[in-house]
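Structural overview for review
Here are the chains, one letter per residue:
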Amino acid sequence: QVQLVESGGGLVQPGGSLRLSCAASGRFYRINTMAWYRQAPGNQRELVASITSGGTMYVVDAVKGRFTISRDNTKNTMYLQMDSLEPEDTAVYYCNCNGRLLSMARVETWGQGTQVTVSS
């Protein structure tokens, strides 16, 4: 099993910054790709950024240049540094990962989500 716990959300003014963290725990063989998704009210959940175990990163155009994804494999933790936040970034942010359990079975897990609100 893999559990993901997000932290770091909150209320911030436009132009401000927040740093989200996602820690993976449990009994697993390895974590492969980790990713951040977000879902605003009335919208579908959408990919924000992803990072492989080897450090290959992808960031969607809407946040490119403002958001930075990183990862510490020694801590099984992923981060999302969000700068120059805009009201349109308001959403629940979810952590996602895929990997393999000790049995080598594939696993995909979602975190519980953390609210990010950008408002003056």
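The structure under discussion appears in the preceding block.
Report on the accompanying structure. (Residues numbered from 1 in each chain as written. Predicted model: local features only at pLDDT ≥ 70, side-chain atom pairs only at ≥ 80, totals over all residues. Heavy atoms only, no water.)

Turning our eyes to something else, we now look at the side chain of T77. Checked against the element boundaries, T77 lands in strand 8 (residues 77-82). Its relative accessible area of 9% is what places T77 among the buried residues. At a separation of 2.8 Å, a polar atom in the side chain of T77 contacts the main-chain carbonyl oxygen of K75. Once you skip the residues sitting within four places of it in the chain, T77 turns out to touch C22, A23, R71 and D72. (Helix = DSSP H or I, 4+ residues; strand = E, 2+ residues; numbered from the N terminus. Buried < 20%, exposed > 50% of the residue type's maximum accessible area, 1.4 Å probe, protein only. Polar contact = N/O pair within 3.5 Å; in protein donor to acceptor, adjacent residues only side chain to side chain. Contact = heavy atoms within 4.5 Å.)

Turning our attention to the side chain of N96. In this fold, N96 is placed in strand 9 (residues 91-101). One polar contact links N96 to E108, side chain to side chain, over a distance of 2.9 Å. Setting aside its immediate chain neighbours within four residues, N96 contacts L4, T33, M34, A35, Y37, E108, T109 and W110.

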